[in-house]
Amino acid sequence: HRFERDRAQALTVVAVLALPIAAFGIIDAMVAKSGLRLAILWSVRGATLLALGALWYSLREAPSRQRFERTLFGAQLVGVALAIASHFGRGPETLFITRFELVSVVVYYLMIPGRTRLQAVPAVTLSVASTAMVLFWHTGVSGPELVSPLVCFALANALGLLVAQH
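Rules used throughout
Residues numbered from 1 in each chain as written. Predicted model: local features only at pLDDT ≥ 70, side-chain atom pairs only at ≥ 80, totals over all residues. Heavy atoms only, no water. Salt bridge = Lys/Arg side-chain N within 4 Å of Asp/Glu carboxyl O. Helix = DSSP H or I, 4+ residues; strand = E, 2+ residues; numbered from the N terminus. Expected span 1.5 Å × (residues − 1). Buried < 20%, exposed > 50% of the residue type's maximum accessible area, 1.4 Å probe, protein only. Arc of directions from axis to C-beta. Contact = heavy atoms within 4.5 Å.

A. Representation of the pattern of salt bridges within the structure. As enumerated under the stated definition, the model contains seven salt bridges in all. The residue Asp 6 makes a salt bridge to Arg 65 at a minimum N-O spacing of 2.5 Å. Of this pair, Asp 6 sits in helix H1 (residues 2-23) while Arg 65 sits in helix H4 (residues 65-90); the two residues are 59 residues apart in sequence, bridging distant segments of the chain. Here Arg 65 makes a salt bridge to Glu 69, at a shortest N to O gap of 3.3 Å. Linking Arg 65 with Glu 69, this pair stays in helix H4, spanning four residues, or about one helical turn.

Next comes the structure, spelled out in structure tokens:
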């Protein structure tokens, strides 16, 4: 059954995603400039981990492929919104978060099961948002630091679409 294989793959991806989200709490401690900011970052991180647990359970219990795909797609869009919020939370002086966003785009195409358009919408949305922030919000970004994310997001989406369709 393809549905059961896709469900198992999605459950694995959700479980594995919890690891870097928890581990990046160490980076929060390094970049937080105040105890209040660290408390906010860790609260968001904790809420994200709880949401991943709820998502895992919802995907496991989805009675049909349609419900499974709707749940997964909705979760991906929420993930994009959280990634954008996290990007703003890091401040305009660092591009560190764009690396995680780039990996997320690749994950949407290669690891999240589903139809191509259900993979492309969150991937392209995150890519456009991250690229716009690099271009218009970050300070002191020029030369290779500016061009690199643009090229990498374009490549990730182009290659992701090619692989997802085959």
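So that's the structure; there's more coming.
B. Region of interest: helix H7 (residues 144-164). Here H7 is 21 residues long and its end C-alpha atoms lie 29 Å apart, about the 30 Å a rise of 1.5 Å per residue gives. Listing the buried residues of H7 in full gives Pro 149, Phe 153, Ala 156, Asn 157 and Gly 160. Buried positions in H7, seen along its axis, are confined to an arc of 90 degrees and lie on one side of it. Turned more than 90 degrees from where H7 packs its buried face, Pro 144 and Leu 162 sit exposed. Where the residues of H7 are buried, they touch helix H5 (96-110) and helix H6 (116-136).

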